[in-house]
Amino acid sequence: MGYIDTAACRVIMGQQGPTAPVIYLIDSPEHPYDASILEQPRACTVATVPVHNWGEALTPWPAPGLYREEPDFGGKASDTLAELRNDVIPSLEAAAGLSPTTRAICGYSLAGLFSLYAFANYDAFAACGCLSGSVWYEGWVDYLRGIDRSYDGRFAFLSLGTKEKRGGRPIMRTVQDNMEACAQILQDRGCRACLQLTPGNHLQHVPERLEAGINALDGFLS
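Keep in mind the model is a prediction, meaning the values are calculated, not measured. (Residues numbered from 1 in each chain as written. Predicted model: local features only at pLDDT ≥ 70, side-chain atom pairs only at ≥ 80, totals over all residues. Heavy atoms only, no water.)

**Details of the overall build of the chain**
Within the chain, the regular secondary structure consists of seven helices and seven strands. Order of helices (α) and strands (β) in the chain, N terminus to C terminus: β-β-α-β-α-α-β-α-β-α-β-α-β-α. Projected onto its principal axes, the C-alpha coordinates of the chain cover approximately 45 × 35 × 35 Å. Looking at the chain residue by residue over its 222 residues, the buried ones come to 52%. Restricting the contact set of the chain to residue pairs at least 6 apart, pairs at least 24 apart contribute 71%. When the accessible surface of the chain is totalled, it reaches about 9700 Å², and 50% of it is carbon and sulfur. (Helix = DSSP H or I, 4+ residues; strand = E, 2+ residues; numbered from the N terminus. Buried < 20%, exposed > 50% of the residue type's maximum accessible area, 1.4 Å probe, protein only. Contact = heavy atoms within 4.5 Å. Areas by Shrake-Rupley, 256 points an atom, 1.4 Å probe, with all protein chains shown as cover.)

Here is the structure:
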């Protein structure tokens, strides 16, 4: 059994119809995104992809947990990406009658890190949204820098709260420097990367960051 709850995936059809680009939004079954944001009129189709066990499913390699009482990160992002690519996207698009011209991937927190990981490793995603992404993750910036490929013609929307660099754990306080480094790495490889800093910490203004990210992807893809 995989990490993606395929039965709970949801499709909000875009105004361009079945051929509209699709934004795949990595979601949580336990804490789903605000439906009112997802259902706003847009050119692109939005497909929510609920993923169980974020700390295992969305992290790129094993790493120590942030707190003593929490489990270590499992590092199964490659398995989750394979499940998304090979099973979920084809079956979801077939069931909904979609034939999109292109696709994007988007997520918040660890889902933002995973979205950037998927974008960096899978050319079929023309754009990504890394919203308050956990780019503080141990070894992430060096990993992204080490990927030898061009991102010409592609788009990345990165966002972060200005207070997130004051996170509780020392490693989390690297997040803004790391996000800025990610934007620069992508730009150096030909990507149109936009970094938006907004007020608040990681848990504040989540709906606003989500809305801004989806709208930025919709504007680029359409």
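**Side note on the packing of aromatic side chains**
Throughout the structure, instances matching the rule amount to 12 aromatic pairs. Residues F73 and W136 carry aromatic rings whose centres are separated by 6.1 Å and whose planes lie at 50° to one another, so their mutual orientation is tilted. Here F73 is found in the loop between α2 (54-57) and α3 (77-96), whereas its partner W136 is found in the loop between β5 (125-131) and α5 (140-146), with 63 residues between them in sequence. Seen from their ring centres, F119 and Y151 are 5.7 Å apart, and the 20° between their planes marks the pair as stacked. (Phe/Tyr/Trp six-rings, centres within 6.5 Å; stacked < 30°, edge-to-face > 60°.)

**Considerations on the pairing of strand β4 (residues 103-108)**
Most of β4 sits inside the fold, with five of its six residues counted as buried. The pairing of β4 with β5 spans six bridges and is classified as parallel. Note that in β5 the partner of R103 across the bridge is F125. Assessed by its sense of winding, the connection that carries the chain from β4 through helix α4 (residues 110-121) to β5 is right-handed. (Pairing = 2+ DSSP bridges. Right-handed = clockwise from strand over helix to strand, strands pointing away.)

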